Amino acid sequence: MLPIVISCSNRAAQIPNLGLGDALINCNTADTDIFIESVKYIPLETNNSCLIADASFVSLYDEFILVADSKHNVFLFDLNGKFIRKIGIKGKGPGEYQTIFGYAFDITSGKIYLASPSDTKVYTIDGKYVQTLNFRFDFESMLVHNDSYIITKPAFQFPDKSARSVIEIYTENGDVIRKIDYRGEIGDIPYFSMLYLKDGYTYYREELSDTLLRFGKDLNPVPFAILGLNDFLVTQGNFKYTNIPEIEKCYRVFKMFDFKDMICFNMQKGFMSFNDITTLFYLKKSKEVVCVGNRNGKGGLFINSVSHIPKAADENRILCLIPYKDISLLKRDSIQNPELLTISGSITENSNPVFSLVTFK
């Protein structure tokens, strides 16, 4: 990747600088009426058939919400929160799985991919088993790009203290058609963040670069934008595991969602602070970075004084998780939101998650 970035340095002026670093210091607050059409609150139905241990992976597809949890279950709900069905069956029979190592969803075909230690099972949105792909993944993320499967694998250390981090692109038969392989000393090897699939492009970045890249249709990575993280950028020096305190001062792009008029960024502080996420919006026309509502505190996108963390999106909607702790604070803080106050009366710590569906103008 470095030769690509260096060769494009003379084109840096043509690549937009998003200015995320300055925004993290002093973010401008935007009125939600500028770009938010509506907010719908969705408490997921709770019954013995769909008890969710943890909403570890969420997808928004048409009129459905897909949720994968930490106990290797995948559930399908409608946009009113009504439970529809489970996807896949645990077992050893045809089309069944025992353990899920990774989960992916292809929004173009509606197919769901569940990767196990031995293979990958494919299902349709109506829960029907389609096929078994003859490859398995120990991956951090996977995106389906046409008929190819783009995988990011976690960095790992060899016995000789060298390290490796990999992006691999597979065919359906499990053949590797392209590999971006980083090797070096442990601490010098970046993690890859697979971010979003939009208009035929897969965006990604590696932690040691201030540049956001994407795979073009020829599957070659090219620079797309400069993040502008400045002093918040992770460097080789503070990336080493011995410098965890330094990493905790930096931010990484944990999620990114691209819309017609804006780009939404979930900025995670450090690597372990999953509760310390700031949500920023880059407005394409004005080239500003804005926050929504109250910037103080932790939790991401603030709407009606309840924190939301964006988890999934489609063309003009974003699905945000509302933690139970925020729901439980509603009455204590006397927040005047009739819909949420009604929801809070029937939600307990053992209830399924509550989401907000934000529709943009």
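Look up: the structure comes first, before these words.
This text gives an overview of the structure that appears in the document. (Residues numbered from 1 in each chain as written. Predicted model: local features only at pLDDT ≥ 70, side-chain atom pairs only at ≥ 80, totals over all residues. Heavy atoms only, no water.)

1. With respect to the overall build of the chain
Our working definition: Think of it this way: any DSSP run of H or I at least four residues long counts as a helix, any run of E at least two long counts as a strand, and we number them from the N terminus. To sort residues, take the accessible area from a 1.4 Å probe on protein chains only and compare it with the maximum for the residue type: under 20% means buried, over 50% means exposed, and anything in between is partly exposed. The contact definition used throughout considers only heavy atoms, calling two residues in contact when any of these lie within 4.5 Å. Where accessible areas are quoted, they stem from the Shrake-Rupley method and a 1.4 Å probe; at the residue level, only the protein chains shown are allowed to cover.
When its secondary structure is counted, the chain shows six helices and 26 strands. Counting every position in the chain, which comprises 361 residues, the buried fraction comes to 53%. Of the contacts formed within the chain by residues at least 6 apart in sequence, a portion of 47% connects residues at least 24 apart. Element-wise, carbon and sulfur atoms account for 48% of the exposed surface of the chain, whose accessible area totals about 17,000 Å².

2. Comments concerning the packing of aromatic side chains
The test is simple: Note on ring pairs: Phe, Tyr and Trp rings are taken, using the six-membered ring of Trp, and paired if centres are within 6.5 Å. Classes follow the plane angle, with under 30 degrees stacked, over 60 edge-to-face and the rest tilted.
Applying the stated criterion across every chain yields a total of twelve aromatic pairs. Ring geometry for Phe35 and Phe281: centres 5.1 Å apart, planes at 45°, overall tilted. Of this pair, Phe35 sits in the loop between β1 (28-30) and β2 (36-43) while Phe281 is found in strand β21 (residues 277-283), placing the two residues 246 residues apart along the sequence. An aromatic cluster of at least three residues, connected via ring pairs, comprises Phe35, Phe259, Phe281 and Phe360.

3. Overview of the sheet that holds strand β20 (residues 262-269)
Each strand in a sheet pairs with its neighbour through backbone hydrogen bonds, running either in the same direction (parallel) or in the opposite one (antiparallel). What counts here: Two strands pair under a simple rule: DSSP has to find at least two bridges between them. Angular values range over 0 to 180 degrees, each being the angle between N-to-C directions of two axes fitted as lines to C-alpha atoms, with helices fitted over their stretch in contact.
Ordered by their spatial adjacency, five strands build an open sheet running β1-β22-β21-β20-β19, and the pairing between neighbours is mixed. Each having just a single partner strand, β1 and β19 (251-258) make up the two edges of the open sheet. Here the average twist between neighbouring strands, direction ignored, is 40°. Taken together, the three bridges between β21 and strand β22 (residues 288-292) define a ladder with antiparallel strand orientation. Bridge assignment links Tyr282 to a residue of β22, and that residue is Val289.

4. Observations concerning the pattern of salt bridges
Selection criterion: Note on definitions: salt bridges are taken to be side-chain nitrogens of Lys or Arg within 4 Å of carboxyl oxygens of Asp or Glu.
Under the defined criterion, the tally for this structure stands at six salt bridges. Between Glu168 and Lys179 there is a salt bridge, with the nearest N and O atoms lying 3.4 Å from each other. Of this pair, Glu168 sits in strand β13 (residues 162-170) while Lys179 sits in strand β14 (residues 176-185), and the two are eleven residues apart along the sequence. Between Glu246 and Lys249 there is a salt bridge, and its shortest N-O distance comes to 3.3 Å. A relative accessible area of 36% places Glu246 in the partly exposed class. Residues joined by salt bridges that share partners form a network here, namely Glu63, Asp314 and Arg317.

5. Remarks on the sheet that holds strand β9 (residues 120-123)
Strand order in the open sheet formed by four strands is β7-β8-β9-β10, with antiparallel pairing between adjacent strands. The sheet terminates laterally at β7 (102-106) and β10 (129-133), the two strands that pair on one side only. Put simply, the sheet's adjacent strands are angled 20° from each other on average, direction ignored. Bridging between β7 and strand β8 (residues 111-115) involves five bridges; their strand directions are antiparallel. Across the sheet, the residue bridging to Asp106 is Lys111, located in β8.

6. Some remarks on the environment of Gly174
Inspection of the secondary structure puts Gly174 in the loop between β13 and β14. If we ignore the near neighbours within four places in the chain, the residues touching Gly174 are Asn134 and Phe135.

7. Considering unusual backbone geometry
Backbone geometry places Asn230, a non-glycine residue, at a positive phi of 55°. If you trace the backbone, Asn230 turns up in the loop between β18 (221-226) and α3 (236-239). Taking relative accessible area as the criterion, Asn230 reaches 48% and is therefore assigned partly exposed. We note that Lys287 has phi near 60°; this positive angle belongs to a residue other than glycine.

8. What to know about the nonpolar core
Convention followed: Among buried residues, those of type Ala, Val, Leu, Ile, Met, Phe, Trp, Tyr and Cys that are joined through side-chain atoms within 4.5 Å constitute a nonpolar core.
Among the nonpolar cores identified, the biggest contains 21 residues, and Leu20, Leu227, Leu229, Phe265, Met267 and Leu280 are the most heavily contacted of them. Those elements giving two or more residues to this core turn out to be α2 (20-25), β19, β20, β21 and β22. Setting aside anything within four residues of it in sequence, one finds Leu20 in contact with Leu227, Gly228, Leu229, Phe265, Met267, Leu280 and Val289. Core analysis: the second largest hydrophobic core is formed by 18 residues, Ala55, Phe75, Leu79 and Phe83 among them.

9. Here's the deal with the pairing of strand β25 (residues 317-322)
Across the six residues that make up β25, a large majority, six, are buried. The alternating pattern of β25 places Arg317, Leu319 and Leu321 and Ile318, Cys320 and Ile322 on opposite faces, both of which are buried. Pairing of β25 with strand β26 (residues 354-360) involves six bridges; the strand directions are antiparallel. Bridging across to β26, Leu319 finds its partner in Leu357.

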